[in-house]
Amino acid sequence: MLDAVHQAPAPLIDPFGRAITYLRISVTDRCDFRCVYCMAEDMSFLPKADLLTLEELERLAGSFITLGTRKIRLTGGEPLVRRNVMQLIERLGAQIGQGLDELTLTTNGSQLVKYAEGLAKAGVKRINVSLDTLDADKFTALTRWGKLGPVLEGIAAAKAAGIAVKINAVALKGVNEDEFDRMIAWCGAEGFDLVFIEVMPMGEIGGEMRLDQYLPLSRVRTDLMDRWTLTETDYRTGGPARYWRVGETGQRLGFITPLTHNFCESCNRVRLTCTGTLYMCLGQEDAADLRAPLRDGRDDAGVQQAVRAAIARKPKGHDFIIDRDHTAPAVPRHMSVTGG
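Throughout this document, residue positions are counted from 1 along each chain, in the order its sequence is written. Residues qualify for local features only when their pLDDT is at least 70, as the model is predicted, and side-chain atom pairs are given and counted only at 80 or more; totals for whole chains, interfaces and linings, by contrast, use all residues. Hydrogens are left out, water is left out, and the side-chain values use all remaining heavy atoms of the structure.

### As for the pattern of salt bridges
So, step 1. When a carboxyl oxygen of Asp or Glu lies within 4 Å of a side-chain nitrogen of Lys or Arg, that pair is called a salt bridge. Enumeration according to the criterion identifies 15 salt bridges in this entry.
So, step 2. The shortest N-O distance in the salt bridge between Lys 138 and Asp 178 comes to 3.4 Å. Remark: Asp 178 occurs in the loop between strand 5 (164–171) and helix 6 (180–190) and Lys 138 occurs in helix 4 (residues 136–143); sequence separation between them is 40 residues.
So, step 3. A salt bridge links Asp 296 to Arg 298; the nearest nitrogen and oxygen atoms lie 3.1 Å apart.
So, step 4. Buried means the residue's accessible area, taken with a 1.4 Å probe over protein chains only, is under 20% of the maximum for its type, while exposed means over 50%, and partly exposed covers the values in between. A relative accessible area of 44% places Asp 296 in the partly exposed class.
So, step 5. Exposure remark for Arg 298: the relative accessible area of 38% places this residue in the partly exposed category.
So, step 6. Here the salt bridges do not stand alone but share partners, grouping Lys 138, Asp 178, Glu 179 and Arg 182 into one network. Strands here mean DSSP runs of E at least two residues long; helices mean DSSP runs of H or I at least four residues long; both are numbered from the N terminus.

Right under this line is the structure:
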């Protein structure tokens, strides 16, 4: 019988019996876009000195893998604008098959022409690309600074590199709801899955703007079923989306509904920011500082103990509300701080 020294550490189990096997790491809060539902146009970003180094991010990721994390997603901001981020991606990619099952990425697509081949070589087999419209003018209006052409070229580069692409589109009332059929057809033709996401009440973007943006996806799905053959599936990627098969295209269509139907009962995720703050829930403010144990000389066992203590505080679910009585953001931090 193996002695305790050689036994694998006990897995991370939260107070509600959920195994925590999925870590999202925001490698930077910076982004080259300023999407209207995500950021204010005049954002103040974190001082670079506050950020964990790539080596520190790798060490924390390693602790989570040791404790049973099977999937890591790198996010931002825009992860590919962080200097030398490919070094981290390559090092984490080397852990695939060594405890880690999958390394993925969420990106706005702006840097994919440059990095798609490198991502594929590092072991990234799937990416999510945030793309809310196929209209060039509307794209620039939504992102404030972005151009659609380079993003579409980047998506094509990822596809050519053998990376499976999933398109994430935030459903925005009066903005892109007239494009949903077009996006389903385009994704079908390209071989991409598509996920619609309800706007999340995170971070101040000005007045009642976000409430005006909110479009319940229960209504969207009912409307789409008048024109598309949607069959519910049990397909899961480890994230919160619930998927349907589109009969006319053969591709999957997902819905992420933090407001109309929360996904908390099966939550297996935590989020690590680029400063080493661990948020146990996207929609709650409670967080744990993992930068301190990294920098105060603790060994790996000490860092892992800090991770366990944080998971022991994971709440049952989020408190997202959006209505005329709740026009302030449910969570004051912007999505770019926590990671998409």
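Now that the structure has been shown, we can carry on.
### A short note on unusual backbone geometry
So, step 1. Across the junction of Gly 76 and Gly 77, the peptide omega takes the value 20°, indicating a cis bond.
So, step 2. Note on placement: Gly 77 falls in the loop between strand 2 (71–75) and helix 2 (85–93).
So, step 3. Of note, Asn 84 is a non-glycine position whose phi angle comes to about 65°, a positive value.
So, step 4. By the secondary structure assignment, Asn 84 is in the loop between strand 2 and helix 2.
So, step 5. Residue classification places Asn 84 among the partly exposed positions, given a relative accessible area of 44%.
So, step 6. One non-glycine residue, Arg 144, lies in positive phi territory at about 70°.

### Side note on the packing of helix 3 (residues 112–121) against helix 5 (residues 148–160)
What describes two packed helices is the angle between their axes and the distance between those same axes.
So, step 1. As a packed pair, helix 3 and helix 5 sit with axes 8 Å apart at the nearest point and diverge in direction by 15°. Considering the angle they form, helix 3 stands roughly parallel to helix 5. Crossing geometry of helix 3 relative to helix 5 is assigned as right-handed. Contact residues: Leu 112, Val 113 and Ala 116 in helix 3; Pro 150, Glu 153, Gly 154, Ile 155, Ala 157 and Ala 158 in helix 5.
So, step 2. Considered class by class, the residues forming the contact of helix 3 with helix 5 number seven nonpolar, one polar and one charged. Axis definition: a line fit to C-alpha positions, over the contact stretch in the case of helices; interaxial angles, taken between N-to-C directions, run 0 to 180 degrees. Here is the rule for angles: anything less than 35 degrees is roughly parallel, anything more than 145 is roughly antiparallel, 65 through 115 is roughly perpendicular, and the remaining ranges are oblique. In this scheme, a crossing is called left-handed if the near helix is turned counterclockwise away from the far one by less than a right angle; it is called right-handed if the turn is clockwise. Between two residues, a contact is recorded if the distance between any of their heavy atoms is within 4.5 Å. Only Asp, Glu, Lys and Arg are considered charged, only Ala, Val, Leu, Ile, Met, Phe, Trp, Tyr, Cys and Pro nonpolar, and every remaining residue, Gly among them, polar.

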